[in-house]
Structure formats: structure tokens, C-alpha cells
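Single-letter residue listing:
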Amino acid sequence: DAKTTQPTSMDCAEGRAANLPCNHSTISGNEYVYWYRQIHSQGPQYIIHGLKNNETNEMASLIITEDRKSSTLILPHATLRDTAVYYCIVRVERSNDYKLSFGAGTTVTVRA
Amino acid sequence: EAGVAQSPRYKIIEKRQSVAFWCNPISGHATLYWYQQILGQGPKLLIQFQNNGVVDDSQLPKDRFSAERLKGVDSTLKIQPAKLEDSAVYLCASSPRSGEQYFGPGTRLTVT
């Protein structure tokens with residue numbers, strides 16, 4: 001699976017949009033981009049995933065560039081509860097193989 | 001829907017002792033995973049089960065770690081004997097045949 005590069009940490013203001021970048025320049029055509037987050041003392045939580053089109057759900061939006069070498073996770077109105085480590089993962093969808101390879105992620109701190 | 005359950009939540013043991021962790025996945029989820037998360041790092045996959053068969057255990061230190069999933073439902077991860085470097089959070093996750101993974105709260109192991 002392709003590797004990803006994320007900033008180590010970032011701050012954002014409560015109520016503002018948080019834009020989390022991820023670089024995956026070696027992504028293959030059949031690899032999806034997944035985002036998970038991990039709030040302190042909890043297990044990781046799925047946020048969103050996409051292949052090439054932009055995606056939106058109740059938690060976030062995922063913007064994937066046309067060349068698919070990078071993506072941005074957008075939390076539209078960050079709250080204090082969004083403080084967490086955010087992981088960007090790329091993986092191939094294989095039958096019976098859905099394992100995730102986590103990097104160090106981005107530590108996001110939402111400040112009042 | 002009930003989430004992934006894990007027990008115990010915390011465990012402290014001395015090196016060379018044995019320890020076991022239990023996981024009950026979400027009902028109907030065929031795939032079960034065990035991850036190890038060392039402080040400051042992302043989770044690392046130890047083993048993946050599909051029903052009660054092992055799909056991937058390439059990262060499991062088999063000289064001291066073992067895991068089983070009897071009847072394709074609950075799973076147990078055992079460490080025998082424990083080393084200081086085994087201090088970590090052990091996360092269990094489950095997923096349906098396709099789609100995202102759902103993580104439990106983890107078991108924090110401290111080896112002294």
C-alpha cells in the first residue's frame with residue numbers, strides 16, 4: 001500500500017473549518033484514501049473514504065486532487081471534541097484483506 | 001448497535017508473566033483484527049482473522065504472542081512471557097466482509 005505524509009500537528013479555532021492535508025504521491029489507481037481519527041484513550045474511529053471523487057458525510061468532507069496525489073480532510077465547524085489524532089491511510093480494496101497501515105498521523109488541537 | 005467490547009481495560013504485570021486479552025466483535029462481523037499501539041505511534045496490525053481462520057499473522061511475534069478466534073466470534077490474544085517492550089495498548093477491531101473497521105476501546109498493558 002502507498003505511504004502517506006501528514007503534518008505532525010496543527011491547531012485550529014473552535015467553530016472554524018479545519019483543513020487537514022495528506023500527501024500520497026505514490027498512490028495507485030486502485031487504492032482508496034481513508035481517514036480515521038483517534039480521540040485520547042479511545043480506539044480509532046472511521047471518518048470517511050474515497051477513490052477519486054470528493055466525498056461528504058455527516059462528519060467531514062474529503063477532497064481528492066485530480067491527480068490523486070494528495071487529499072484534504074475538512075471538518076467544517078471544528079469543536080473541542082474534534083481534538084484528536086487524524087490518520088490518512090491509502091489501501092487497496094482486496095477481498096478478505098481490509099487491513100489498515102497507520103502512520104503517526106496529525107495531532108489536531110481545537111482551541112476555544 | 002453494540003460496539004466492539006474488550007476486557008480488561010487496564011492490566012499491569014511483571015516481565016516474564018503471562019497475560020490474556022479478550023475481544024467480542026460487533027455481531028455479524030466476519031473479520032477481526034488485533035493491533036498493538038505503542039505510545040506516540042499509530043496502531044500496528046498483529047493478526048487478522050476471517051471467521052475463525054487466520055488471514056495474516058505476519059507481524060505477530062509468534063515466539064511469545066498467540067491468538068485464537070474460536071467459533072468465529074470472540075477472540076483472545078495472549079502474551080507469554082511478557083517483555084518490557086510489550087507495554088502498549090492492544091486494540092481489537094472488526095469489520096463486515098467489506099467496509100470500514102470498528103475499533104474497541106483497547107486494553108492498556110503495562111509490563112514492569
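Residues numbered from 1 in each chain as written. Chains lettered and ligands numbered in written order. Predicted model: local features only at pLDDT ≥ 70, side-chain atom pairs only at ≥ 80, totals over all residues. Heavy atoms only, no water.

Enquirer: Just give me the short version of the layout of surface pockets, but keep the residues and values in it.
Expert: Roughly 540 Å³ of internal volume is contained in the largest pocket. Surrounding the largest pocket, 29 residues form its lining, H40 and S41 of chain A together with Q37, L39 and R108 of chain B being those nearest its centre. When residues in the lining of the largest pocket are grouped by element, the largest group, four residues, is from strand β11 (residues 107-111) of chain B. Its residues assigned to classes, the lining of the largest pocket shows 14 nonpolar, 13 polar and two charged. (1 Å grid on protein atoms, 1.4 Å probe; cavity = no way out; pocket = protein on both sides within 12 Å on 5 of 7 lines; lining within 4 Å. Points joined across faces, edges and corners; volume = space filled by probe spheres on them. Helix = DSSP H or I, 4+ residues; strand = E, 2+ residues; numbered from the N terminus. Nonpolar A, V, L, I, M, F, W, Y, C, P; charged D, E, K, R; others polar.)

Enquirer: Tell me about the side chain of E31 of chain A, and name the residues and values.
Expert: Residue and element names in this part refer to chain A. Mapped onto the elements, E31 comes out in strand β3 (residues 31-38). Although E31 is buried, it makes no salt bridge; R68 carries the closest opposite charge, 6.0 Å away. Polar side-chain contacts of E31 include one of 2.8 Å to the backbone nitrogen of S28. (Buried < 20%, exposed > 50% of the residue type's maximum accessible area, 1.4 Å probe, protein only. Lys, Arg positive; Asp, Glu negative; His and termini not counted. Salt bridge = Lys/Arg side-chain N within 4 Å of Asp/Glu carboxyl O. Polar contact = N/O pair within 3.5 Å; in protein donor to acceptor, adjacent residues only side chain to side chain.)

Enquirer: Give a detailed account of the pairing of strand β8 (residues 75-79) of chain B, specifying residues and quantitative values.
Expert: Each regular strand displays side chains that alternate between the two surfaces of the sheet. Residues and elements named next belong to chain B. Alternating residues of β8 divide into S75, L77 and I79, all buried, and T76 and K78, none buried. Where strand β7 (residues 65-68) meets β8, four bridges bridge the pair, whose relative direction is antiparallel. Counterpart to E68 in the pairing with β8 is T76. Counting the residues in the hairpin turn of β7 and β8 gives six residues, including K71, whose phi is positive at 60°. (Pairing = 2+ DSSP bridges.)

Enquirer: Just give me the short version of the interface of chain A and chain B, but keep the residues and values in it.
Expert: At the junction of the two partners, chain A supplies 17 residues and chain B supplies 22 residues. Our enumeration of links across chain A and chain B arrives at zero salt bridges. The interface formed by chain A and chain B holds four residue pairs in polar contact (both at pLDDT 80 or more) in total. Within the residue set of the side of chain A that touches chain B, elements represented by two or more residues are β3 and β8 (84-92) of chain A. Residue composition of the side of chain A that touches chain B, by class: eight nonpolar, six polar and three charged. (Contact = heavy atoms within 4.5 Å.)

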